Structure formats: structure tokens, C-alpha cells
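# Examining the three-dimensional arrangement
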Amino acid sequence: MNPLGSLEHLATGFAIATTFQNLFYCTMGAVIGTLVGVLPGLGPIAGIALLIPVTFGLDSTSAIIMLAGIYYGAMYGGSTTSILINVPGETASVMTCRDGYQMARKGRAGPALAIAALGSFVAGTLGIFGLVFLAPPLADVALAFGPPEFFSLMVFGFVVLSNVTGGSLVKALMMAMVGLILGTIGLDPVTGNHRFTFGTVSLLGGIEFVAVAIGLFGIAEVLSNVEQPADAQTVRVPPLRQLYPSLDDLRRSFGAILRGAGIGFGVGLVPGPAPVIATYASYMVERQIAKRPEEFGEGAIQGVAGPESANNAACQSAFIPLFVLGIPFAPPTAILLGALLIHGVNPGPTLLVEHPNLFWGVIASMYIGNFVLLLLNLPFVPLFANILRIPKRVLLPLVMVCCLTGMYSVNNFMLDIWAMLAFGALGYVMRKWAYEGTALLLALVLGPKLEVAFRQSLMISHGDFGIFVDRPVSLAFLLATGVFLSLPLLRLGKAARERRRVHA
Amino acid sequence: MAAAAALLAFGVLTALLSLQLPLGTLRAPDSGFFPLALGLMLTALAAGHLGQLRRAARAAPADAEPPGASGAAGDRAAMLRVVQFMGAVVAATALLQPLGYAPVAFLSMGALLEILGMRPRWLSALIALATAGMCQVVFVHWLRIPLPAGWLWS
């Protein structure tokens, strides 16, 4: 598809995104996302998981427009708490705390919040441009992928996501195995045989993805917060007239915003928690090239502009592998993949052909959503900051009641609620023992696709496993997987050598 | 170590149950092939991890403080709160069909606020009542979700 063709499709996307219904859901997603980002302890993963049941009555385009809005809205909202109270609303805002909070302590919370919002808007918009022009050619390349390439790509995605989400690689791989096993419950996707259903009709469709997502992320998050139901925060919110940055602030932030956007967009294309890595990389780059690096950590505005721009650009480019390859490279997009499948949309290279309205409508809605977020995050910052005054001891029961109601509304099955509670308890225990829930959920969603690709590959090759290494693209993914698997072993070996050297 | 043992057992169980399904051949793998491979891989990973943990436990000094030993009283109180919270949610789920959605939303909200130490109690009751009312309006009347009406009242 040529660039002009992309622009034509984008115009169609705007026609879809600007219908009253889609504008409403785009704004709703942006507002809810900002709230999710503002509230510490409730990240975009839990936010999207909790809201999936609400989208069941919507058509697939409106549903994904709203859920995508929650994801990138959370990136905007996360900066508010980082700057005002030194508590990151979500993990991608950790770097913003360093200089944002210092600026707030010096009475410059207003410019920090404004630059964070402006940087997020510019980077988000540039990220969407990249998405428009990069996704179609990448989809053309991915159309040439056969089952072996997809199998190797999925294995690569699992291993890399397991490797970079933090913690033990072995634990993450075991969780991926559990997710894949749970994904085999129900009808065999190739032959239609019943597997592990034990005669239960409601298990024929497999384990309900929403129950697992809300349980592992929503309920487990609530239970973790129940341990320490802290009182409401004392927040000093700057008045509206103090929000405007000076010309010097804008001049110093301009380059940082553009660099942050570039770094974020690039990192978002790589598997892993892209917004977190992008903010860290952007902060390090800004400090390296700063004329006065000693200002970093003491309230340098570039330390807010760069990371905030990076996390939004990364968030936008994370949609490319999801839409084009059908493989989520970041945890929140794994939940979005589940939502797409629930709505009968199978993302991948054929998405642009089979569901062009959804693809271009969602992209166009991101432009609108970014604009809505800019409008929300400048004048309404005091309003959002006031949310922090709601005590957790009120918020947690409210979220729990919404989880129960939302889960029941999916299929009107009590069994789904019990499954959600069981996965909630499991998720809580997993957090205690540092096991990774994202790997399990990603494997549960991708498991059936992985199995089909694996079995089709063996059928094509008449049982010859060489098919996975004979094809260059598949071999490249497997080699990359091998490199990622060997990294922790190399680190262990280096640590052992270091210990021996110290003892000697 | 308990988690690794549980995963080991889950892997073994999966492998055994997979053997009851048709396995097919390498040329045409059947329903049991993929879960069997996964069960075996999980078993291998969990066994390796368990062995690693046992070696680490043996290597640790005998007088080392067990994890979580410090601040144990605070941990116990926090754990008790989590158990009570989850217990209230389980009870609410069990009562959902006999009592119906609105009374259960009110009772569960009140119980959860009490467990988290919300004071004064009249405010808890007011919040619970408002939540139940709001949920009823939004989910039942606005979104038209057929939430249980309660067979005790019919």
C-alpha cells in the first residue's frame, strides 16, 4: 500500500471515528484511562480487563476504540500523581517522578503538568503517524508468513516478553506453560475433539478469557491493595493560571519531546514493557546530552518532557505488532488481543483487508483521543487530582462490586464469577511468590493459535521438525529466541565467575 | 518451593490426562500431542526449579532469618484482612442468586467497608446504599443486564 493510499484510508477512518457513537466511546476511553492512570495501584492492564465486559453490547470498532483509549489515556494520567505526590500512577511514569516531583516542590507543578500533557500529545500524534505509514507495508511482508514463521514468531514473543517483564525467566516460562495448557481446554481447534472438559458443557468453549484477565489483574490488584488500605492523599493542586509553561520551558522541552517520541516509537516495536523501557532510555539520553546534567533529579524540565513523550509514543507503536502480526509485544496489548478475539476480530496481516473499518477507525480515533486528552489534562488536572482524595478503603470495595457485576454480565453464568475469584486468588498468590501473570494470560490467548501453527507446520513437513529451521524467517526468530534464552545463563555464568574471583 | 511443587504436580497431571487423548503421529499430531508436550515441558522446568531451590535452601546458613519473619505481626494482620475481604466476596457470590443483586451489592459493600475499617458506620451504610442504587440503575435499567432478582423473594 502506497503512502497516499494510507492517507485515503485514514480519511475513511476519520469518517468512522467521528460518528457520534465513536466520539462518545473515544472520549469515555480517554477519561477512564486518565482516571486509571491517576489512581495509583490500578494500571492500564487492570483497567482494560475490568472494562471489557462493558464493551459486549458495542460493535467491535467502538469497543476497541474505547479500550485503546483506556490504554493511552492511562499513559497521560500517570504523570499527574508522579508530579504532584511523587507516586507513579502506573509503572511507565516512574521516571517522571524524579524531576516532575522536584519541580512541584519548587512550586512549578503547573509547567511540569503542562509539558507532560503537551509532550504526550505531540509524541502520541507522531506515533500514530508512524503507525499509519509503517503498519500497511509490514502487513504486506507478514502476509508471506506461513505456519512455521508464525509459530517461531509466537515462541519468540513468549520468550522475550517473559525475559523482560522482570523476575525469574524460569518462573515466567512456567507461567507461559500453564497458560498454554489452560488454553488447550475445550474443543481441539483442529479436530474438534473435547479436551479436559470432564463432561462440563460450559468448558467446551474453553476457559473464559475475561474471568482470567479480571481475576489475575483486577481482583489480585484489589487484594494486594487490601493489605495496606492507605488513607487518602493530601494533594496540593496548582490553580489553572499557574499551568502555563514559560517560553524557556517550551524551548528546553522541544528537543526532548521529539527525541522521546523517536525513542518511544522504536522501543514500542520491540517485545517487552515498551513504555517503561522507553521512559528510562529517554531519561538517560536527555541526561547524557544535557548542557547541565547536574540539574537532572533536581527538577529539569527535560526529565519530564522526554520520558512522558517516550511512553506515549511507545504505547502507540505497540499497536503495530498487535494489529499487523496478531502478536502482542506488550502486556496491555495482550489484553487488547483478547478483547479483539472476543469481538470476533482476528488480528494479523489480513486485518487490513478483512476489517479495514476497524483498523483505520481505531487509528483515526487515536488522533481524536490524543486531542481529547490534551484538553482533559490541561484544564481538568485539578479535577483529576481530586480523585486522589477518595480513600482506598472506599475505592477497593467499589472496584470489587464492579468486578462481580461486570463478570456476571459477560455470559450470565455464576461459574464465570467463581472462575474469576479463583484466578483472583491465584493471581494474588502468584504476586506473593513473584510469578508473572502476564505470561500466563498471553499464553492463554495465543495458545490455540500457537498449537494450530505447530500442528499445521508438522503436517506440511510430514513430521519433519526441520521445517522450523529450513525457512530463513522462522530460523531468524528461533535464533533470536535462543539469544534471549541464553542471556540469563550468561549473566549467571558471569556472576559465578565473579564469586570465584572474590573467593580466590 | 510449594509453588514449584504444585507446578510440577500440574505438569505431571496434564501429561497423564493427555495420554488419554489420541496422540496421532508426528506427520499428523492429534488432540493429545500438544498438551502432552506442554505437560512434559512444564514438568521438566518445575523439576529443575525445585532442584535449584532445594540446593539454595541447603546452601543458606541455618541461622538465616526466614523471609517475612520481620514485622510478622503486621503481615498477619494484613493477611487476615485479605482473607476476610475475600471471604466476604465469596459469601456475596454464594448469596447472589438467592437474595438477588441489589441486596447483595448493599450487604457486600457494607461488609467490605467494615473489613477495611471505614468509619463512621452510618457513612459506610450510606456509601453501600448509594453503590447498590447506582449499580441497579446503571447495570439493570441502563445497560439492561439481567442480574439475579433473588429466588427467595419470588
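Residues numbered from 1 in each chain as written. Chains lettered and ligands numbered in written order. Predicted model: local features only at pLDDT ≥ 70, side-chain atom pairs only at ≥ 80, totals over all residues. Heavy atoms only, no water.

This part covers the pattern of salt bridges. Scanning the model with the defined rule gives 14 salt bridges over all chains in all. Of the charged contacts in the structure, one is a salt bridge between B:Glu114 and B:Arg119, with a shortest N-O distance of 3.4 Å. On the basis of relative accessibility, which here comes to 32%, the residue B:Glu114 falls in the partly exposed class. Residue B:Glu114 pairs with B:Arg121 through a salt bridge whose shortest N-O separation is 2.7 Å. Counted as one network, the salt bridges with shared partners bring together A:Asp248, A:Arg251, A:Arg252, A:Arg292 and A:Glu295. (Salt bridge = Lys/Arg side-chain N within 4 Å of Asp/Glu carboxyl O. Buried < 20%, exposed > 50% of the residue type's maximum accessible area, 1.4 Å probe, protein only.)

Moving on, we get to the interface of chain B and chain A. At the interface, 54 residues of chain B touch 57 residues of chain A. Carbon and sulfur atoms make up 82% of the surface buried where chain B meets chain A, a total of about 4,900 Å² over both sides. Those elements giving two or more residues to the side of chain B that touches chain A turn out to be helix 1 (2–19), helix 2 (33–59), helix 3 (72–99), helix 4 (101–115) and helix 5 (121–142) of chain B. Per element, the largest residue contribution to the side of chain B that touches chain A is 12 residues, and it comes from helix 3 of chain B. (Contact = heavy atoms within 4.5 Å. Buried area = accessible area lost by both parts, 1.4 Å probe. Helix = DSSP H or I, 4+ residues; strand = E, 2+ residues; numbered from the N terminus.)

A few words now on helix 5 (residues 94–105) of chain A. Residue and element names in this part refer to chain A. For helix 5, with 12 residues, the first-to-last C-alpha span of 17 Å sits near the 16 Å given by 1.5 Å per residue. Taken residue by residue, helix 5 has Met95, Thr96, Cys97, Asp99, Gly100, Gln102, Met103 and Ala104 as its buried positions. Looking at the buried side of helix 5, the elements it contacts are helix 4 (60–85), helix 6 (109–142), helix 11 (274–289) and helix 12 (302–317). Gly107 sits one or two residues past helix 5 and shows a positive phi near 80°. (Expected span 1.5 Å × (residues − 1).)

So, on to the state of the cysteines. All names here are of chain A. Under the definition given, this model contains 0 disulfides over all chains. Unpaired in this structure, Cys403 has its nearest cysteine sulfur neighbour in Cys402, at a distance of 7.3 Å. The buried category is assigned to Cys403, whose relative accessible area is 1%. (Disulfide = S-S within 2.5 Å.)

The biggest cluster of nonpolar side chains holds 181 residues, and the ones touching the most others in it are A:Ile335 and A:Met420. Excluding its chain neighbours within four sequence positions, the residues that come into contact with A:Ile335 are A:Ile45, A:Ile48, A:Ala49, A:Ile52, A:Phe209, A:Ala213, A:Phe217 and A:Leu441. (Core = buried A, V, L, I, M, F, W, Y, C linked by side-chain atoms within 4.5 Å.)

The next point concerns the packing of helix 4 of chain A against helix 12 of chain A. All names here are of chain A. Two numbers describe how helix 4 lies on helix 12: the axes approach to 9 Å, and their chain directions differ by 160°. Taken together, the axis directions place helix 4 and helix 12 in an arrangement best described as roughly antiparallel. The handedness of the crossing between helix 4 and helix 12 comes out as right-handed. Every residue of helix 12 that contacts helix 4 at Tyr71, Tyr72, Met75, Tyr76, Ser79 and Ile83 is listed here: Val304, Glu308, Asn311, Asn312, Cys315 and Gln316. (Axes fitted to C-alpha atoms, helices over the stretch in contact; angles between N-to-C directions. Parallel < 35°, antiparallel > 145°, perpendicular 65-115°, else oblique. Left-handed = near helix turned anticlockwise from the far one by under 90°.)

Before going further, it helps to spend a moment on the confidence of the model for chain B. Predicted coordinates in regions of low pLDDT should not be interpreted in detail. All names here are of chain B. Taken over all residues, the pLDDT of chain B has a mean of 87, while the share at 70 or more is 90%. The weakest mean pLDDT in chain B belongs to helix 5 at 89; the strongest belongs to helix 1 at 94. With a pTM of 0.81, the predicted complex shows an ipTM of 0.90. (pLDDT = per-residue confidence, 0-100.)

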